[in-house]
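Observations on the three-dimensional arrangement
Chain by chain, the residues:
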Amino acid sequence: MKWMSVVGARPQFVKLAPLLKAIDRYNARQGSKVLEHLTIHTGQHYDKDMSDIFFEELEIPHADFNLGVGSGRHGRQTARMLEGIEELLIAHQPSVLIIFGDTNSTLAAAVAAAKLHIPIAHIEAGLRSFNRRMPEEINRIASDHISDLLLAPTPTAMDNLQHEGLGPKSVNTGDIMYDTVLHNSQLAAQKSNILQNLELTSGSYAVATVHRAENTDDVQRLRNLLEVFNEVAEGGLPIVFPIHPRTRHLLPTTLPDWSPSPNLKLITPVGYLDMLQLTAHARIAFTDSGGLQKEAMFLNTPCITLRDETEWVETVESGANIITGADPVKIREAYQHWHSLTASGAPDFTDITAPYFGQGDASDKIVEAILARLEMAPVTA
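Residues numbered from 1 in each chain as written. Predicted model: local features only at pLDDT ≥ 70, side-chain atom pairs only at ≥ 80, totals over all residues. Heavy atoms only, no water.

Attention now goes to the sheet that holds strand β9 (residues 239-242). Read from one edge of the open sheet, six strands run β10-β9-β8-β11-β12-β13, paired in parallel fashion. Two strands bound the open sheet, and with one partner strand each, they are β10 (264-267) and β13 (321-323). Between one strand axis and the next, the sheet turns through 20° on average, direction left out of account. The pairing of strand β12 (residues 303-305) with β13 spans three bridges and is classified as parallel. (Pairing = 2+ DSSP bridges. Helix = DSSP H or I, 4+ residues; strand = E, 2+ residues; numbered from the N terminus. Axes fitted to C-alpha atoms, helices over the stretch in contact; angles between N-to-C directions.)

You can see Ser-105 is positioned in helix α4 (residues 104-115). Residues contacting Ser-105, with those up to four places away along its chain left out, are Val-6, Val-7, Gly-8, Gln-12, Thr-42, Gln-44, Met-81 and Ile-85. (Contact = heavy atoms within 4.5 Å.)

In the contact formed by helix α10 (residues 219-234) and helix α15 (residues 328-341), the axes pass within 10 Å of each other and the chain directions differ by 35°. Crossing handedness for the pair α10 and α15: right-handed. Contacts between α10 and α15 involve Asn-224, Leu-225, Val-228, Glu-231 and Val-232 from the former and Pro-328, Ile-331, Arg-332 and Tyr-335 from the latter. (Left-handed = near helix turned anticlockwise from the far one by under 90°.)

With that settled, consider unusual backbone geometry. A positive phi angle, close to 55°, is found at Glu-59, a residue other than glycine. You can call Glu-59 exposed: its relative accessible area is 51%. (Buried < 20%, exposed > 50% of the residue type's maximum accessible area, 1.4 Å probe, protein only.)

Let us now look at the packing of aromatic side chains. Each aromatic ring pair is described using two quantities: the centre-to-centre distance and the angle formed by the ring planes. This model, assessed by the stated rule, comprises seven aromatic pairs. Measuring from ring centre to ring centre gives 6.4 Å for Tyr-356 and Phe-357, while their planes differ by 55°; the resulting arrangement is tilted. Judged by relative accessible area, which is 22%, Tyr-356 ranks as partly exposed. Every member of this aromatic cluster is reached through a ring pair, and the members are Tyr-178, Phe-298, Trp-312, Tyr-356 and Phe-357. (Phe/Tyr/Trp six-rings, centres within 6.5 Å; stacked < 30°, edge-to-face > 60°.)

Right, let's get into helix α12 (residues 272-281). Among the ten residues in α12, eight count as buried, and that is most of the element. The complete set of buried residues in α12 reads Tyr-272, Leu-273, Asp-274, Met-275, Leu-276, Gln-277, Leu-278 and Thr-279.

Let us look at the sheet that holds strand β4 (residues 96-100). Across the sheet, seven strands lie side by side as β3-β2-β1-β4-β5-β6-β7; this open sheet has parallel pairing. In this open sheet, the two edge strands, each paired with only one partner strand, are β3 (65-66) and β7 (170-172). Summarising the sheet, strand β6 (residues 149-152) and β7 pair through three bridges and their orientation is parallel. The partner of Leu-151 across the bridge, within β7, is Val-171. Along the sheet, helix α1 (residues 10-30) makes contact with β1 (2-7), β2 (36-41), β4 and β5 (120-123), crossing β1 at roughly 165°.

For the rest of this paragraph, the subject is the pairing of β5. Neither face of β5 is left uncovered, since the one carrying Ile-120 and His-122 and the one carrying Ala-121 and Ile-123 both have all their residues buried. Taken together, the four bridges between β4 and β5 define a ladder with parallel strand orientation. In the sheet register, Leu-97 faces β5, and the bridge partner there is Ile-120. In terms of handedness, the path from β4 via α4 over to β5 forms a crossover that is right-handed. Strand direction decides the pairing type here: β5 and β6, joined by three bridges, are parallel. Bridge pairing in β6 places Ile-123 opposite Leu-151. (Right-handed = clockwise from strand over helix to strand, strands pointing away.)

Given below as structure tokens:
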């Protein structure tokens, strides 16, 4: 039986890794390679720092196919992906196409497979920010409604799918990213030298990421964030800022008068293991990333989310995350809240993680759910 997955961005590589390991475990139990798997990399994240290093660190095979699409406007990028994925689906005729998350790669793959009547399994289905100005929200909704099997990471995601009439084709598997963090956090502690290289000690710094268009394309929002980062860094808590290529490229033209504080360390994007170490030992995480909100919680690091809403409402409900948007006043208040609470040491979110995100066995449940669904006719909502 041939399965195919489509990935194109860093968070999707992270989700692919435990799935491939679960497929290997299934084949080992069967005593033969019952499940063959092929990976299509769209090339949405296309340089070594943003792509290749993830395959190497997560110890998974490089993609079988790389479309090399690269960046570009949404329509052009998605169209090129759609064309390339369609050709590979026609050539290889997989039993199922597996898609992840909410990128243009996700949407292009879903449309290509749906029109070829190839069953689609959507990992991380059911997320909703309820903000349709976000491209990711459109990708999520469209992909969920044309997929045949929706693999939801949380009870909230299941509720969203039920509300949209998609309950009959939905399964709550738990969060596959939790699998990845549990598996790789110890490996990161053994292999990563990022703290030593940056001369950092545990709990003595913050980590920040900014990459979403709502923050990088709005000059005032970006200015607010960078000025608050400088303020926090100058106030005594250094910030390590692995700066996304999109953000770095914009700074000279959009904010030519801004410069970082000496305590705001702008570094190039780092690999997954280094980022796990940075997050695990940070006192606070500032981010507009969906994945880092969760990883911070999984690693017991308080989070401040620099967006006006989040699809990962569980991180907020549990008390591990505070939503501030790009409002400097709200960011300062959230910072002071976490700074005072962590004065005596890091919090422990372990006990509140499982009710929301599962037991760290999502990848095996996903394989089981796909096999079960393939025994049935594809379900349509």
